[in-house]
Amino acid sequence: MRKLLIATVLTCFVAAGYGCATKAQQGATVGGLAGATIGALTFKNKLLGAAVGAGVGTLFGYIVGNEWDKHDEAQVQRTLETGKSDQPQKWTNPDTGASYSATPSPPYMAENKVYRDVYIKDEKDGDTIMAKAWRDDKGVWHLKE
């Protein structure tokens, strides 16, 4: 019963913060939780096993999540740089199989920088976010936070 309660609390914690995190952070969180669970179940000393498992899982989860971020970021960069205004650019992440589209708005000037708004849609569940991006002197687009 105690293990079920702990698993439920951890699941709720992850679900509450999952939508706000980057893919690297999401990967680290899931990897850490999975590693802690496996470590606690396999080590004789449960606390030590959970700590070691969480550390290893977090590291591997972060690495995998960061790679996903790089691929998707490159696609958004390409869309902002070469995409036609109001025309969606679609891609599928080869590592995750997730499909997205990004639709850039026409460029505009603000704060002495070129900006474009971009609508990024998760093709699976239809969730769409709007982000503002600005272009630096080297041609790199940065999402404004």
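What you are looking at is a predicted structure, and each value in this text was computed from that prediction instead of being measured.

Basis of the calculations
- Residues numbered from 1 in each chain as written.
- Predicted model: local features only at pLDDT ≥ 70, side-chain atom pairs only at ≥ 80, totals over all residues.
- Heavy atoms only, no water.
- Salt bridge = Lys/Arg side-chain N within 4 Å of Asp/Glu carboxyl O.
- Helix = DSSP H or I, 4+ residues; strand = E, 2+ residues; numbered from the N terminus.
- Buried < 20%, exposed > 50% of the residue type's maximum accessible area, 1.4 Å probe, protein only.
- Core = buried A, V, L, I, M, F, W, Y, C linked by side-chain atoms within 4.5 Å.
- Contact = heavy atoms within 4.5 Å.

### Observations concerning the pattern of salt bridges
Pairs can form between side chains of opposite charge whenever their charged atoms are close. Applying the stated rule across the entire model yields 2 salt bridges. Across the pair R135 and E81 runs a salt bridge, and its minimum N-O distance is 2.9 Å. Note that R135 is positioned in strand 5 (residues 128-135) and E81 in helix 3 (residues 46-82), a separation of 54 residues in sequence. We classify E81 as partly exposed; its relative accessible area is 38%. With its nearest N and O atoms 3.2 Å apart, the salt bridge here joins K132 to D117. Of the two residues, K132 is situated in strand 5 and D117 in strand 4 (residues 113-122); the sequence distance between them amounts to 15 residues.

### Considerations on the nonpolar core
One finds V76, L80, W91, Y100, A102, V118, I120, A131, A133 and W141 forming the largest nonpolar core, which totals 10 residues. Only helix 3, strand 2 (99-104), strand 4 and strand 5 provide two or more residues apiece to this core. Ignoring anything within four residues of it in the chain, the contact list for A131 reads R116, D117, V118 and L143.

### With respect to unusual backbone geometry
Residues apart from glycine generally show negative phi values, whereas peptide bonds are mostly found in trans. Here D86, not a glycine, exhibits a phi torsion of approximately 65 degrees, which is positive. If you trace the backbone, D86 turns up in the loop between helix 3 and strand 1 (89-92). With relative accessibility at 53%, the residue D86 sits in the exposed group. Non-glycine residue E111 carries a positive phi angle of around 55 degrees.

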